[in-house]
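Notes for the structure review
The primary structure of each chain is shown beneath.
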Protein chains: 4
Amino acid sequence: MSHMIRDKQKLLARVRRLRGQVESIERALEGEAGCEQVMHLIAGARGAMAGLMAEVVEDHVRTHLVDAERYPGALNNEAAEQLLDVVRTYLK
Amino acid sequence: MSHMIRDKQKLLARVRRLRGQVESIERALEGEAGCEQVMHLIAGARGAMAGLMAEVVEDHVRTHLVDAERYPGALNNEAAEQLLDVVRTYLK
Amino acid sequence: MSHMIRDKQKLLARVRRLRGQVESIERALEGEAGCEQVMHLIAGARGAMAGLMAEVVEDHVRTHLVDAERYPGALNNEAAEQLLDVVRTYLK
Amino acid sequence: MSHMIRDKQKLLARVRRLRGQVESIERALEGEAGCEQVMHLIAGARGAMAGLMAEVVEDHVRTHLVDAERYPGALNNEAAEQLLDVVRTYLK
């Protein structure tokens with residue numbers, strides 16, 4: 001997953017932030033926080049997870065759909081961008 | 001949208017079925033149907049719309065991300081299939 | 001569905017707008033519009049359908065969870081609002 | 001959050017399982033796993049998070065929308081169940 005090497009730090013930062021959010025949910029449940037707070041924390045973590053997925057999908061589309069060394073220029077960047085717009089809409 | 005010509009009938013059948021479902025929601029509201037029935041009809045129409053989007057996205061990925069005449073074989077079909085699996089999960 | 005009588009016009013306006021959006025998708029497919037346009041139209045119709053569902057759910061929560069004539073004041077409005085906030089987040 | 005005391009163990013088990021899934025994503029990224037595996041792990045964690053939210057929402061509806069000590073029997077259980085069916089559909 002070569003693009004992962006390139007983008008690894010960015011993705012790792014995201015997943016660690018997400019882990020921190022899940023740990024907050026755990027602490028809230030342990031501390032018997034109110035439902036409202038727990039639902040709010042879960043909604044936030046869900047958004048962070050959607051953002052992580054969107055980024056991995058973006059990397060996947062830009063890097064894996066076409067072997068750029070063998071077929072330079074074969075990926076239609078405009079079509080890829082249109083696809084990612086739809087994906088981001090649905091991942092929200 | 002050449003692939004649309006090929007798949008046009010299939011997509012048109014889907015969107016017409018979806019229109020029928022939306023018309024059912026309209027009739028249910030006009031007839032003062034119960035909330036439960038209205039929510040059920042909307043959930044069904046939402047599923048149909050997700051199925052329509054999934055099919056259009058699939059066509060888009062298979063047909064537009066790479067110009068197959070100019071770059072035959074450049075689209076990595078396995079990577080495309082992995083992408084579509086994710087898209088279908090999120091479109092549900 | 002008594003609250004539907006009250007809110008009927010608002011909901012009917014929403015569902016008719018949604019029907020118009022679905023008809024636009026149909027016309028776009030018939031006219032062999034580009035994938036991008038079709039995906040954009042579907043994403044818009046999906047948003048409209050989510051808005052319709054959010055409104056029906058809101059009516060349902062405010063009107064049916066408690067029989068207000070028999071149990072006036074029994075619905076905890078703050079808890080209902082917290083619930084609807086979550087529902088709206090997920091319906092988006 | 002009295003119902004949280006009752007259901008606390010169940011929810012804590014869920015959130016800890018979710019934390020484990022997020023840690024798997026982190027390890028996969030650190031180990032430079034393939035995109036496919038990472039996307040698959042994220043989709044699984046997303047399902048677990050949706051299940052957690054569904055359970056918290058269910059507890060919230062059953063316990064907080066009506067103060068059952070003050071208004072015993074005021075919550076319309078059938079209407080609550082219909083609402084939760086919709087919520088579960090959208091949380092998936």
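Residues numbered from 1 in each chain as written. Chains lettered and ligands numbered in written order. Predicted model: local features only at pLDDT ≥ 70, side-chain atom pairs only at ≥ 80, totals over all residues. Heavy atoms only, no water.

**Side note on the overall build of chain A**
Scanning chain A for helices and strands turns up three helices and zero strands. For 92 residues, the compact-globule estimate of 2.2 N^0.38 gives 12 Å, and chain A exceeds it by more than 25% at 17 Å. When the backbone C-alpha atoms are referred to their principal axes, chain A occupies close to 55 × 25 × 10 Å. Total accessible area on chain A stands at roughly 4200 Å², and carbon and sulfur atoms take up 47% of it. (Helix = DSSP H or I, 4+ residues; strand = E, 2+ residues; numbered from the N terminus. Rg over C-alpha atoms; globule rule 2.2 N^0.38 Å. Areas by Shrake-Rupley, 256 points an atom, 1.4 Å probe, with all protein chains shown as cover.)

**What about the interface of chain A and chain D?**
Each side of the interface is counted separately: chain A has 34 residues, and chain D has 34 residues. Where chain A abuts chain D, roughly 3100 Å² becomes buried across the two surfaces, and 79% of that area is made up of carbon and sulfur atoms. Of all residues in chain A, the largest losses of buried area upon contact with chain D belong to A:Leu29, A:Cys35 and A:Met49, amounting jointly to 20% of the total for that side. Taken together, chain A and chain D are joined by eight salt bridges. (Contact = heavy atoms within 4.5 Å. Buried area = accessible area lost by both parts, 1.4 Å probe. Salt bridge = Lys/Arg side-chain N within 4 Å of Asp/Glu carboxyl O.)

**A few points about the interface of chain A and chain B**
Taken together, the contact between chain A and chain B spans 22 residues of the former and 22 residues of the latter. Approximately 1700 Å² of surface area, both sides summed, lies buried where chain A meets chain B, with 73% of it carried by carbon and sulfur atoms. When the area that chain A buries against chain B is broken down by residue, the three leading residues are A:Leu65, A:Leu83 and A:Tyr90, summing to 33%. One can count six residue pairs in polar contact (both at pLDDT 80 or more) joining chain A with chain B. Elements supplying a minimum of two residues to the side of chain A that touches chain B: helix 2 (35-64) and helix 3 (77-91) of chain A. Sort the elements by how many residues they give to the side of chain A that touches chain B and helix 3 of chain A lands first, with eight residues. (Polar contact = N/O pair within 3.5 Å; in protein donor to acceptor, adjacent residues only side chain to side chain.)

**Some points on the layout of surface pockets**
By volume, the largest pocket amounts to about 200 Å³. The wall of the largest pocket is formed by 14 residues, among which C:Asn76, C:Ala79, D:His64, D:Val66 and D:Asp67 lie closest to the centre. Among the secondary structure elements, those contributing two or more residues to the lining of the largest pocket are helix 3 (77-91) of chain C together with helix 2 (35-64) of chain D. Here the lining of the largest pocket is built from residues that sort into five nonpolar, six polar and three charged. (1 Å grid on protein atoms, 1.4 Å probe; cavity = no way out; pocket = protein on both sides within 12 Å on 5 of 7 lines; lining within 4 Å. Points joined across faces, edges and corners; volume = space filled by probe spheres on them. Nonpolar A, V, L, I, M, F, W, Y, C, P; charged D, E, K, R; others polar.)

**Some thoughts on the packing of helix 3 of chain A against helix 2 (residues 35-64) of chain C**
Viewed as axis vectors pointing N to C, helix 3 of chain A and helix 2 of chain C meet at an angle of 10°, and their least axial separation amounts to 10 Å. Taken together, the axes of helix 3 of chain A and helix 2 of chain C lie roughly parallel to each other. Contacts between helix 3 of chain A and helix 2 of chain C involve A:Gln82, A:Val86, A:Thr89 and A:Tyr90 from the former and C:Glu36, C:Met39, C:Ile42, C:Ala43 and C:Arg46 from the latter. Across the contact of helix 3 of chain A with helix 2 of chain C, the residue classes tally to five nonpolar, two polar and two charged. (Axes fitted to C-alpha atoms, helices over the stretch in contact; angles between N-to-C directions. Parallel < 35°, antiparallel > 145°, perpendicular 65-115°, else oblique.)

**Details of the relation of the copies chain A and chain D**
Once turned by 180° and shifted 0.0 Å along the axis, chain A lies on chain D with an RMSD of 0.0 Å. Accordingly, the operation relating the two chain copies is best matched by a two-fold axis. Relative to the rotation axis, the C-alpha of A:Arg19 is the closest in chain A, positioned 3.3 Å from it. A share of 100% of the interface residues of chain A reappears at the interface of chain D, consistent with the copies meeting face to face through the same patch. (Least-squares fit on C-alpha atoms with pLDDT ≥ 70 in both.)

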